Amino acid sequence: MKVLVAVKRVVDYKVQIRVKSDNSGVETQNVKMSVNPPDENAIEEAVKLKEQGLANEIISVSIGDDKSQDVLRTSMAMGIDRSILVKSQNTLEPLAVAKTLKIIIDKEKPDLVLMGKQAIDDDSNQTGQILSALLNWPQGCFISNLKIENNKVFISREIDEGIENLETSLPAVLTCDLRLNTPRFASLPNIMKAKKKPLETIDIDTLGIDTSSKIKTLKVIDPPKRKAGIMVNDVKELVQKLKYEAKVI
Ligand code: AMP
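Residues numbered from 1 in each chain as written. Predicted model: local features only at pLDDT ≥ 70, side-chain atom pairs only at ≥ 80, totals over all residues. Heavy atoms only, no water.

Student: Provide a residue-level description of the overall build of the chain, including the pertinent values.
Tutor: Regarding its fold elements, the chain presents 6 helices and 11 strands. Referenced to the eigenvectors of the C-alpha coordinate spread, the extents of the chain come out at roughly 65 × 45 × 40 Å. In the chain, which comprises 249 residues, the proportion classed as buried is 39%. Counting only contacts in the chain whose residues sit at least 6 apart along the sequence, the fraction spanning at least 24 positions is 69%. In the chain, 37 side chains carry a positive charge and 35 a negative one; their mean positions are 3 Å apart. (Helix = DSSP H or I, 4+ residues; strand = E, 2+ residues; numbered from the N terminus. Buried < 20%, exposed > 50% of the residue type's maximum accessible area, 1.4 Å probe, protein only. Contact = heavy atoms within 4.5 Å. Lys, Arg positive; Asp, Glu negative; His and termini not counted. Charge placed at Lys NZ, Arg CZ, Asp CG, Glu CD.)

Here you go:
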């Protein structure tokens, strides 16, 4: 089985993001960037499938500028065999990302695509779903457990009512939840080894797809500052305040 993992480079989750002074977006210059957290779970799951002997080749793909090489190197330090960077200077929306991934998938012919459930920069939660529709493959979203047996895929996913257990077939697109596993740390020897693993670069302009934005960002602003909270002495006082001051009950 061949597994393809989609990896996005995003502002590190520990960074307090800042709005650019011209209000055109979020500052990404001189800010720590990392692998999108649920994509690390996707990488970890692919590496586990290889360790279990279920996958014989695991590859990662990122769409972004040259700097996205660092997240691909991280994925290879975690155990991915080789990577593909689709170079794009523009930040792409989920539809354009899915169209790009589809072209790579048509060429690489993986049996399974693992991705994050959501990118923490745009919080779109769309790419996996669009990709499965474009490929006409089954999808499993927000998976928190995965088992593959006799070419059958068994997944668990958290829904409002509890845990939903589903079975599907390969090929499939699965998007990973943070609960799926604990991503391993890349050891120093593996970071060194990853520098020598193959990283292919493809220019997005050679793929012949429409990557134009369908959404125009008018302005990005900080959320209004929250007022300081107050301490109440007891439940009675809390109810009074909610009833007569805030008038919410
Ligand atoms: P989103 O739909 O933007 O929330 O992203 C969902 C998932 O799609 C991410 O967790 C990644 O696995 C994948 N993805 C989104 N954008 C990219 C990108 N530029 N390069 C590679 N994978 C991406």
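Student: Describe the pattern of salt bridges, listing the residues and the values that go with them.
Tutor: Counted under the stated rule, the structure contains 22 salt bridges. Between Asp66 and Lys87 there is a salt bridge whose closest N-O contact spans 3.5 Å. Remark: Lys87 occurs in strand E5 (residues 82-87) and Asp66 occurs in the loop between strand E4 (57-64) and helix H2 (69-78); sequence separation between them is 21 residues. The salt bridge involving Asp210 is made with Lys214; its shortest N-O contact spans 3.0 Å. (Salt bridge = Lys/Arg side-chain N within 4 Å of Asp/Glu carboxyl O.)

Student: How would you summarise the nonpolar core if you had to cite specific residues and measurements?
Tutor: Considering soluble globular proteins, one finds that nonpolar side chains tend to be buried as a cluster. Grouped together as the largest cluster of nonpolar side chains are 32 residues, with contacts concentrated most on Val3, Val5, Leu112, Leu114 and Leu146. Of all the elements in the fold, those that place two or more residues in this core are strand E1 (2-6), helix H1 (37-51), H2, strand E6 (112-116), strand E7 (139-149), strand E8 (152-159) and strand E10 (172-176). With residues up to four places along the chain from it excluded, the contact list for Leu112 reads Lys2, Val3, Leu4, Leu49, Ile148, Leu170, Ala172 and Leu174. With 23 residues, the next largest nonpolar core counts Leu135, Ile202, Ile204 and Leu207 among its residues. (Core = buried A, V, L, I, M, F, W, Y, C linked by side-chain atoms within 4.5 Å.)

Student: Could you give me a rundown of helix H4 (residues 127-135), with the residues and numbers involved?
Tutor: Within H4, burial applies to Thr127, Gly128, Leu131, Ser132 and Leu135. End-on, the buried residues of H4 take up no more than an arc of 130°, which puts them together on one face. Against the buried residues of H4 lie helix H3 (94-108), E6, E7 and E10. Note on H4: the residue one or two positions beyond its end, Asn136, has a positive phi of about 60°. (Arc of directions from axis to C-beta.)

Student: Can you lay out the environment of Gly53 for me, pointing to particular residues and giving the numbers?
Tutor: Summarising the element assignment, Gly53 is placed in the loop between H1 and E4. Sequence-wise, Gly53 and Thr211 are 158 residues apart; in three dimensions their C-alpha atoms are separated by 37 Å.

Student: Give a description of the side chain of Ser62 that names residues and reports values.
Tutor: Of note, Ser62 is situated in strand E4. In this structure the side chain of Ser62 is engaged in a polar contact, spanning 2.6 Å, whose partner is the backbone oxygen of Val7. When residues no more than four places from it in sequence are discounted, the contact partners of Ser62 are Val7, Lys8, Arg9, Ser68, Val71, Leu72, Ile84, Leu85 and Val86. (Polar contact = N/O pair within 3.5 Å; in protein donor to acceptor, adjacent residues only side chain to side chain.)

Student: Before we move on, can you summarise the site of the ligand with the specific residues and values?
Tutor: Lining the immediate environment of the ligand, one finds 18 residues, of which Asp39, Ala119, Asn125, Gln126 and Thr127 sit closest. Residue Asn36 places a side-chain N or O atom 3.0 Å away from an oxygen atom belonging to the ligand. For the ligand, an oxygen atom lies 2.7 Å from a polar atom in the backbone of Ala119. Taking 490 Å² as the accessible area of the ligand by itself, protein coverage stands at 98%. At the level of secondary structure, the elements contributing two or more residues to the shell around the ligand comprise E4 and E6. With 3 residues, E4 is the largest single contributor of residues to the shell around the ligand. Its residues placed into classes, the shell around the ligand shows 7 nonpolar, 8 polar and 3 charged. (Near = heavy atom within 4 Å. Areas by Shrake-Rupley, 256 points an atom, 1.4 Å probe, with all protein chains shown as cover. Nonpolar A, V, L, I, M, F, W, Y, C, P; charged D, E, K, R; others polar.)

None of this, on its own, says anything about what the molecule does.
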